[in-house]
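Coordinate analysis (summary)
Chain residues, written in single-letter form:
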Amino acid sequence: MHTQDRDLTLHHKPQGLGDRIALGFVKMLRFFADTFFAKRYGHRAVVLETVAAVPGMVGGLLQHLKAIRHIRDDQGWIRTLLDEAENERMHLMTFIEIAKPTLFERAVVMITQAIFYNCYFFLYLFAPRTAHRVVGYFEEEAVISYTQYLAEIDAGRHENVAAPQIAIDYWKLPADARLRDVVIAVRADEAEHRDVNHGFADQLSNKPRAAAAA
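These numbers were taken from a predicted model, which means no experiment stands behind them.

Calculation criteria
- Residues numbered from 1 in each chain as written.
- Predicted model: local features only at pLDDT ≥ 70, side-chain atom pairs only at ≥ 80, totals over all residues.
- Heavy atoms only, no water.
- Helix = DSSP H or I, 4+ residues; strand = E, 2+ residues; numbered from the N terminus.
- Rg over C-alpha atoms; globule rule 2.2 N^0.38 Å.
- Contact = heavy atoms within 4.5 Å.
- Lys, Arg positive; Asp, Glu negative; His and termini not counted.
- Charge placed at Lys NZ, Arg CZ, Asp CG, Glu CD.
- Buried < 20%, exposed > 50% of the residue type's maximum accessible area, 1.4 Å probe, protein only.
- Phe/Tyr/Trp six-rings, centres within 6.5 Å; stacked < 30°, edge-to-face > 60°.
- Core = buried A, V, L, I, M, F, W, Y, C linked by side-chain atoms within 4.5 Å.
- Axes fitted to C-alpha atoms, helices over the stretch in contact; angles between N-to-C directions.
- Parallel < 35°, antiparallel > 145°, perpendicular 65-115°, else oblique.
- Left-handed = near helix turned anticlockwise from the far one by under 90°.
- Nonpolar A, V, L, I, M, F, W, Y, C, P; charged D, E, K, R; others polar.

**Quick word on the overall build of the protein chain**
Assigned secondary structure in the protein chain consists of eight helices and zero strands. If you list the helices and strands of the protein chain from N to C, you get α-α-α-α-α-α-α-α. In terms of overall dimensions, the protein chain is globule-like: its C-alpha atoms have a radius of gyration of 17 Å, near the 17 Å expected for 214 residues. Along the first, second and third principal axes, the C-alpha set of the protein chain runs to 50 × 35 × 35 Å. A separation of at least 24 residues holds for 78% of the contacts in the protein chain among residues at least 6 apart in sequence. Between the mean site of the 25 positive side-chain charges and the mean site of the 27 negative ones, the protein chain shows a separation of 6 Å.

**Focus: the environment of Arg 79**
Within the element layout of this structure, Arg 79 appears in helix α3 (residues 77–99). We classify Arg 79 as exposed; its relative accessible area is 52%. Through-space distance from the C-alpha of Arg 79 to that of Gly 60 is 7.2 Å; in sequence the pair is 19 residues apart.

**Topic: the packing of aromatic side chains**
Evaluated as defined, the whole model comprises eight aromatic pairs. Ring centres of Phe 116 and Tyr 120 lie 5.6 Å apart, and the angle between their planes is 25 degrees; this geometry places the pair in the stacked category. Of the two residues, Phe 116 and Tyr 120 both sit in helix α4 (residues 103–126), four residues apart, roughly one turn of that helix. Overall, Phe 116 belongs to the buried group, its relative accessible area being 12%.

**A few points about the nonpolar core**
Counting residues in each nonpolar core, the largest one holds 46 residues, and the members touching the most others are Phe 95, Tyr 124, Tyr 146 and Tyr 149. Those elements giving two or more residues to this core turn out to be α1 (17–37), α2 (41–70), α3, α4, α5 (128–154), α6 (165–171) and α7 (179–205).

**Examining unusual backbone geometry**
Positive phi values are uncommon outside glycine, yet Ile 71 reaches one of about 50 degrees. Take Ile 71: it is sitting in the loop between α2 and α3. The backbone phi angle of Lys 172 is positive, close to 55 degrees, even though this residue is not glycine. Here Lys 172 is to be found in the loop between α6 and α7.

**Observations concerning the packing of α3 against α5**
Closest axis-to-axis distance for the α3/α5 pair is 15 Å, and the angle between their directions is 30 degrees. One finds that α3 runs roughly parallel with respect to α5. Here the hand of the crossing between α3 and α5 comes out left-handed. Of the residues in α5, those in contact with Trp 77, Leu 81, Glu 84, Glu 88, Phe 95 and Ile 98 of α3 are His 132, Val 135, Glu 139, Tyr 146 and Tyr 149. Residues belonging to the contact of α3 with α5 are distributed by class as follows: seven nonpolar, one polar and three charged.

Purely spatial values, then, with no claim about function.
Laid out in structure tokens, this is it:
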């Protein structure tokens, strides 16, 4: 799913109140992640991917229901969003194998998912453009986090352990792949999700297109 040639520094400049709210919300989440996990990037990834796996499923569900109500084609949005949700779930399963979260961290995962799912559901229901922008900014931060994770591995501060088999199978990595290879693959996925969701938000900014696509 991922491509390695995307611009890792891309940032969407906020345009309008909705964008600024989306960016502020994501920056708040980033602050709490930095405070709670510091440089424990494997454990941070587990919680990050728990949140990241929610929007695609919510968006796919609501786009599906809207397409049925309006009896019209979804223009490929449903499959794209569901594929994104599945991809993020595979990220989570991979980092659970790597980080081995404690019972407390698993409880944090459950609570985080419950809260974020309900918040994001209503956000997407009433403001789909802002919802996609939230994901776009969230993925921007994910790219930054995985870049920092990669730097820690390269500096020897995180052991470059063998890649779990689930990652080797999913990304079709070499049998001797290491954690560094996994992080590069995941980061590329996140950059793709970033571009897709900013693109969806941009389409919804166009009022005539929004009526057809939202």
